[in-house]
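So you can see what is in the structure, the chains are spelled out below.
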Amino acid sequence: MGIADSTFWWLLVGACIVLELVTGTFYLLMLALGFVAAALAAYLGLALTGQVATAAIAGGGAVAIWYAVRSARGRQAAATTNPDMNLDIGETLSVDSWNPDGTASVHYRGARWTVVQRAAQPAEAGLYRVVGVVGNRLMVDKA
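Draft legend 1. Quick peek at the sheet that holds strand 4 (residues 126-134). Pairing is mixed across the open sheet formed by five strands, whose spatial order is 1-4-5-3-2. Across the chains shown, the open sheet's two edge strands, defined by having one partner strand only, are strand 1 (92-95) and strand 2 (103-108). Taken over all neighbouring pairs, the strand axes of this sheet differ in orientation by 50° on average, direction set aside. Bridge analysis of strand 4 against strand 5 (residues 137-142) gives six bridges, and the strand direction is antiparallel. Residue pairing in the sheet places Arg129 in a bridge with Asp141 of strand 5.

Below, the structure written as structure tokens:
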């Protein structure tokens, strides 16, 4: 006595979901969709080869579509320069003087920060806009 084909596919769906929760790999959910399609094909009475083909087409297609969607969106900015992840980016601060090594020390958000210019610019006092945060240094451009 063996298990029904549909039960086998549902067990694979469950395994994919558990693995996705453990690893955070969203593509496993796309493969789980393929296994759901195979389980439905088993309910419809398709032979095992039809079920496998259905799983491959649906799961592989879902993975390909998701990959295309992610690629079309483009890569997100690194966390050091992404204003959605770092609320300091875009803020303005005042630099009173620059050190000979190209850094400055400013009081910003209640603490002392080291400031460096992103591009080689004349080191002059004034307002600067934060364009990135690397460790405990603020990268700035002239505002």
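Let's pick the thread back up.
Draft legend 2. Spatial organisation of the packing of aromatic side chains. Inspection of the entire model under this criterion finds five aromatic pairs. Their ring planes at 70° and their centres at 5.3 Å tell us that Phe8 and Trp9 sit as a pair that is edge-to-face. Accessibility expressed as a relative area gives 40% for Phe8, which makes it partly exposed. Note on Trp9: relative accessible area 5%, which makes it buried.

Draft legend 3. Summary view of the nonpolar core. Membership of the largest hydrophobic core comes to 13 residues, with the highest contact counts inside it found for Leu93, Val95, Trp98, Val106, Val115 and Leu138. When near neighbours in sequence (up to four residues on either side) are disregarded, Val106 contacts Leu93, Ser94, Val95, Ala111, Arg112, Trp113 and Val115. Counting residues in each nonpolar core, the second largest holds nine residues, with Cys16, Ala32, Phe35 and Ala42 among its members.

Draft legend 4. Main features of a nonpolar patch on the surface. On the surface, a cluster of nonpolar side chains totalling about 310 Å² of accessible area is made up of Ile3, Phe8 and Leu11. In this structure, Leu11 sits in helix 1 (residues 5-23). For Leu11, a relative accessible area of 55% puts it in the exposed group.

Draft legend 5. Up close: the packing of helix 1 against helix 2 (residues 27-43). Between helix 1 and helix 2, whose axes approach to 8 Å, the crossing angle comes to 170°. One way to sum up the angle between helix 1 and helix 2 is to call them roughly antiparallel. Together, Asp5, Ser6, Trp9, Trp10, Leu12, Val13, Cys16, Ile17, Leu19, Glu20 and Thr23 of helix 1 and Leu28, Leu29, Leu31, Ala32, Phe35, Val36, Ala38, Ala39, Ala42 and Tyr43 of helix 2 make up the contact between the two elements. Taken together, the residues that form the contact of helix 1 with helix 2 break down as 17 nonpolar, two polar and two charged.

Draft legend 6. Summary view of unusual backbone geometry. The phi angle at Arg109 is positive, at roughly 55°, despite the residue not being glycine. The residue Arg109 is located in the loop between strand 2 and strand 3 (111-117) in this model.

Draft legend 7. Just helix 1, in detail. For helix 1, built from 19 residues, the straight-helix expectation of 27 Å at 1.5 Å per residue is met to within 8% by its first-to-last C-alpha distance of 27 Å. Taken as a whole, helix 1 has its buried residues at Ser6, Trp9, Val13, Cys16 and Glu20. The arc enclosing the buried residues of helix 1, seen along the axis, measures out at 75°, which places them on a common side. Turned more than 90 degrees from where helix 1 packs its buried face, Leu11, Val18, Leu21 and Val22 sit exposed. Looking at the buried residues of helix 1, the elements they touch are helix 2 and helix 3 (48-73). One or two residues past the end of helix 1 sits Gly24, with phi positive at roughly 75°.

Draft legend 8. Just the packing of helix 2 against helix 3, in detail. At a closest axis distance of 7 Å, the pairing of helix 2 and helix 3 adopts a crossing angle of 150°. Comparing their axes, helix 3 and helix 2 come out roughly antiparallel. Viewed along their axes, helix 2 and helix 3 form a crossing whose handedness is right-handed. On the side of helix 2, the interface is formed by Tyr27, Met30, Leu31, Leu33, Gly34, Phe35, Ala37, Ala38, Ala41 and Ala42, while helix 3 contributes Gln51, Thr54, Ala55, Ala58, Gly59, Ala62, Val63, Trp66, Tyr67 and Arg70. Taken together, the residues that form the contact of helix 2 with helix 3 break down as 15 nonpolar, four polar and one charged.

Definitions and limits used
- Residues numbered from 1 in each chain as written.
- Predicted model: local features only at pLDDT ≥ 70, side-chain atom pairs only at ≥ 80, totals over all residues.
- Heavy atoms only, no water.
- Pairing = 2+ DSSP bridges.
- Helix = DSSP H or I, 4+ residues; strand = E, 2+ residues; numbered from the N terminus.
- Axes fitted to C-alpha atoms, helices over the stretch in contact; angles between N-to-C directions.
- Phe/Tyr/Trp six-rings, centres within 6.5 Å; stacked < 30°, edge-to-face > 60°.
- Buried < 20%, exposed > 50% of the residue type's maximum accessible area, 1.4 Å probe, protein only.
- Core = buried A, V, L, I, M, F, W, Y, C linked by side-chain atoms within 4.5 Å.
- Contact = heavy atoms within 4.5 Å.
- Patch = residues over 30% accessible without salt bridge, like charges linked within 9 Å, V, L, I, M, F, W, Y side chains within 5 Å.
- Areas by Shrake-Rupley, 256 points an atom, 1.4 Å probe, with all protein chains shown as cover.
- Salt bridge = Lys/Arg side-chain N within 4 Å of Asp/Glu carboxyl O.
- Parallel < 35°, antiparallel > 145°, perpendicular 65-115°, else oblique.
- Nonpolar A, V, L, I, M, F, W, Y, C, P; charged D, E, K, R; others polar.
- Expected span 1.5 Å × (residues − 1).
- Arc of directions from axis to C-beta.
- Left-handed = near helix turned anticlockwise from the far one by under 90°.

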